[in-house]
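One-letter residues, chain by chain:
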Amino acid sequence: MSITIENLAKLRHFAGVENDRLAGLPQLFNQKPFVKGQTIVSEGDKQENLYFVNAGVVKIFKTSSEGKEQIIIIVRPGESFNDIAVFGSGYSPYSAQALGNIVIYWIHKNDLLPFMEKNWKVARNALAIVSEQERMLLTLIEDLSFKNVTGRVAKILLQNSEPGPDGFQKLTQYEMAAMAGTAREVVGRSLKSLEENGVISLERHRIVIKNKELLTQLAGLN
Amino acid sequence: MPVMPIFDQAKCDGCGLCVTVCRCGALVMTEKMVAIIQVDSCGWCTDCELVCATGALQCPFEIVMSEG
Ligand code: SF4
Ligand code: SF4
């Protein structure tokens with residue numbers, strides 16, 4: 001199926017732009033389906049395409065030298081990724097992977113930039129999006145470096161480990177994130193690191209506290 | 001019967017993203033509405049909760065103290 005102006009009008013970069021100004025733009029776009037788990041962009045790649053999710057969800061993440069993954073953001077339909085590389089050095093600072101079967105649209109920097117020069121609204125949208133991404137990244141840095149999220153998660157687990165009158169207490173990762181004052185992605189990482197250190201084990205819909213003493217120490221409660 | 005993620009129909013906008021990420025076939029789209037089928041293969045990856053922007057899907061964890 002070919003890309004239409006109506007398809008592009010749904011992308012955040014082109015929001016509020018009159019359809020006649022988008023004439024000629026579909027021809028500059030490409031599209032491709034990706035299957036679940038497929039990598040679209042690898043960290044460090046020279047990548048000068050601005051990617052948009054048309055259908056499905058993309059996971060943006062960084063991987064440490066020990067292979068630990070930190071999800072940075074989930075990109076949903078209409079949203080973009082690789083903006084940092086396109087408007088900067090051309091090298092992607094993160095990896096992008098299809099979370100399910102997806103369809104991606106993309107436009108090369110050399111086609112996009114001249115179009116933006118002639119269309120101030122698109123440039124303004126792009127600036128707003130990059131600024132939003134920067135704010136999100138700063139919050140993530142703050143959470144990962146200044147807040148002891150693992151300690152807070154440890155405390156939340158301990159405080160909710162006593163069964164109530166209706167049985168075991170239950171918490172989602174979103175609820176734990178709200179309680180710890182952080183993002184769900186950061187809680188996910190903390191739970192994984194607690195599991196790797198043998199403090200808890202994740203057993204399907206259960207978090208089993210295996211080492212209460214260590215968890216108490218991490219929570220700063222002793 | 002296996003415990004399955006919790007679905008709140010009132011919050012679901014029918015976007016279908018959860019169905020695209022689920023690896024066990026537990027989530028199906030019927031008439032712009034999601035239905036959950038009880039399957040043993042749901043490994044509680046929580047991806048459906050992760051991608052749902054409206055909070056219609058929840059994968060809560062029971063917090064249990066080890067016996068040993
Ligand atoms: S992702 Fe959420 S809102 Fe979208 S179909 Fe699934 S349950 Fe409904
Ligand atoms: S937790 Fe994972 S496997 Fe289970 S229903 Fe959700 S997406 Fe599917």
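Residues numbered from 1 in each chain as written. Chains lettered and ligands numbered in written order. Predicted model: local features only at pLDDT ≥ 70, side-chain atom pairs only at ≥ 80, totals over all residues. Heavy atoms only, no water.

When pLDDT is averaged along chain B, the result is 93, and 99% of the positions lie at 70 or above. Interface confidence for the predicted complex, given as ipTM, is 0.92, next to a pTM of 0.84. (pLDDT = per-residue confidence, 0-100.)

Before going further, it helps to spend a moment on the domain arrangement of chain A. All names here are of chain A. Segmenting chain A into domains produces domain 1 (5–135) and domain 2 (147–218). Taking only C-alpha atoms into account, the centre of domain 1 sits 34 Å from that of domain 2. At the junction of the two partners, domain 1 supplies 5 residues and domain 2 supplies 4 residues. Interface area, domain 1 with domain 2, both sides summed: about 490 Å², of which 43% is carbon and sulfur. For the pair domain 1 and domain 2, the interface holds 1 salt bridge. Across the domain 1-domain 2 interface, the total number found is 2 residue pairs in polar contact (both at pLDDT 80 or more). (Domains from an automatic or database assignment. Contact = heavy atoms within 4.5 Å. Buried area = accessible area lost by both parts, 1.4 Å probe. Salt bridge = Lys/Arg side-chain N within 4 Å of Asp/Glu carboxyl O. Polar contact = N/O pair within 3.5 Å; in protein donor to acceptor, adjacent residues only side chain to side chain.)

Here we come to the packing of aromatic side chains. Residue and element names in this part refer to chain A. Within this structure, the stated rule accounts for 7 aromatic pairs over all chains. Geometrically, the ring pair formed by F14 and F52 is tilted, given 6.1 Å between the ring centres and 40 degrees between the ring planes. Of this pair, F14 sits in the loop between α1 (5–9) and β1 (29–34) while F52 is found in strand β3 (residues 49–55), placing the two residues 38 residues apart along the sequence. On the numbers, 6.3 Å between centres and 75 degrees between planes, the contact of F14 with F115 is edge-to-face. Taken together, the residues span a long stretch of sequence, with F14 in the loop between α1 and β1 and F115 in helix α3 (residues 109–118) at a distance of 101 residues. Through successive ring pairs, a cluster of aromatic residues spans F14, F29, F52, Y105 and F115. One Lys or Arg, K59, reaches over the ring of F61 and ends 5.0 Å from the middle of that ring. (Phe/Tyr/Trp six-rings, centres within 6.5 Å; stacked < 30°, edge-to-face > 60°. Helix = DSSP H or I, 4+ residues; strand = E, 2+ residues; numbered from the N terminus. Lys NZ or Arg CZ within 6 Å of the ring centre and 35° of its normal.)

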